[in-house]
Amino acid sequence: MHGYPPVALVETWLFLATNQSPELEHVKLPLRRVIKDYFGSNELAKLYVEQFKVEQAEVHYL
C-alpha cells in the first residue's frame, strides 16, 4: 500500500472526522477533505484500515 498514509494515522483521521463531540467540529471538514483526497470516501478509508488488519492477522498466524 505504497503512497498511502500509515494505518494508525488513517484510523485517527476517521475517528476524528466521525466523532460526534462538539469540541472537534473545527477538525471534521479538513480531515474529511484529506480522507477524500487519499481514498475518495470514508468507506474506502475504512476498507484500507480493515485490509491492513487482515493482512497483519495473517502474518501473525503463519
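In this text, all values refer to a predicted model and were calculated from it rather than measured experimentally.

## A look at the nonpolar core
For step 1, the next point in the chain: Val 7, Val 10, Trp 13, Leu 14, Ala 17, Leu 31, Ile 35, Phe 39, Ala 45, Tyr 48 and Val 49 form the largest nonpolar core, which has 11 residues in total.
For step 2, the next point in the chain: Element by element, the count of residues in this core is highest for helix H1 (residues 7–18), at 5 residues.
For step 3, the next point in the chain: Residues in contact with Val 10, not counting those within four places in the same chain, are Pro 5, Phe 39, Ala 45, Tyr 48 and Val 49.

## Concerning the packing of aromatic side chains
For step 1, the next point in the chain: Counting across every chain of the model gives 5 aromatic pairs.
For step 2, the next point in the chain: A ring pair is formed by Tyr 38 and Phe 39, whose centres lie 6.2 Å apart and whose planes are at 45°; its orientation type is tilted.
For step 3, the next point in the chain: Owing to a relative accessible area of 40%, Tyr 38 belongs among the partly exposed residues under this scheme.
For step 4, the next point in the chain: The class of Phe 39 is buried, set by a relative accessible area of 10%.
For step 5, the next point in the chain: Taking the centre distance of 5.0 Å and the plane angle of 40° together, the rings of Phe 39 and Tyr 48 count as tilted. The same class applies to Phe 39 as to Tyr 48, namely buried.

## Considerations on the confidence of the model for the chain
For step 1, the next point in the chain: The share of residues in the chain with pLDDT of 70 or more is 89%, and the mean pLDDT across the chain is 90.
For step 2, the next point in the chain: For the chain, the element scoring lowest by mean pLDDT is helix H3 (residues 42–61), at 85; H1 scores highest, at 97.

## Focus on H1
For step 1, the next point in the chain: End to end, H1 covers 16 Å across 12 residues, agreeing with the expected 16 Å (1.5 Å per residue, within 8%).
For step 2, the next point in the chain: By the burial criterion, the buried members of H1 are Val 7, Val 10, Trp 13, Leu 14 and Ala 17. For H1, the angular spread of the buried residues around the axis is 120°, confining them to a single face. Residues of H1 that are exposed and point more than 90 degrees away from the buried face comprise Ala 8 and Phe 15.

## A word on helix H2 (residues 25–39)
For step 1, the next point in the chain: Its 15 residues place the ends of H2 21 Å apart at the C-alpha level, agreeing with the 21 Å of an ideal helix rising 1.5 Å per residue.
For step 2, the next point in the chain: For H2, every residue scored as buried is listed here: Lys 28, Leu 31, Ile 35 and Phe 39. All buried residues of H2 fall inside an arc of 85° around its axis, so they share one side. Away from its buried face, by an angle of more than 90 degrees, H2 presents the exposed residues His 26, Arg 33, Lys 36 and Asp 37.
For step 3, the next point in the chain: Of the residues trailing H2, Gly 40 is marked for its positive phi of about 100°.

Cut-offs and rules
- Residues numbered from 1 in each chain as written.
- Predicted model: local features only at pLDDT ≥ 70, side-chain atom pairs only at ≥ 80, totals over all residues.
- Heavy atoms only, no water.
- Core = buried A, V, L, I, M, F, W, Y, C linked by side-chain atoms within 4.5 Å.
- Buried < 20%, exposed > 50% of the residue type's maximum accessible area, 1.4 Å probe, protein only.
- Helix = DSSP H or I, 4+ residues; strand = E, 2+ residues; numbered from the N terminus.
- Contact = heavy atoms within 4.5 Å.
- Phe/Tyr/Trp six-rings, centres within 6.5 Å; stacked < 30°, edge-to-face > 60°.
- pLDDT = per-residue confidence, 0-100.
- Expected span 1.5 Å × (residues − 1).
- Arc of directions from axis to C-beta.

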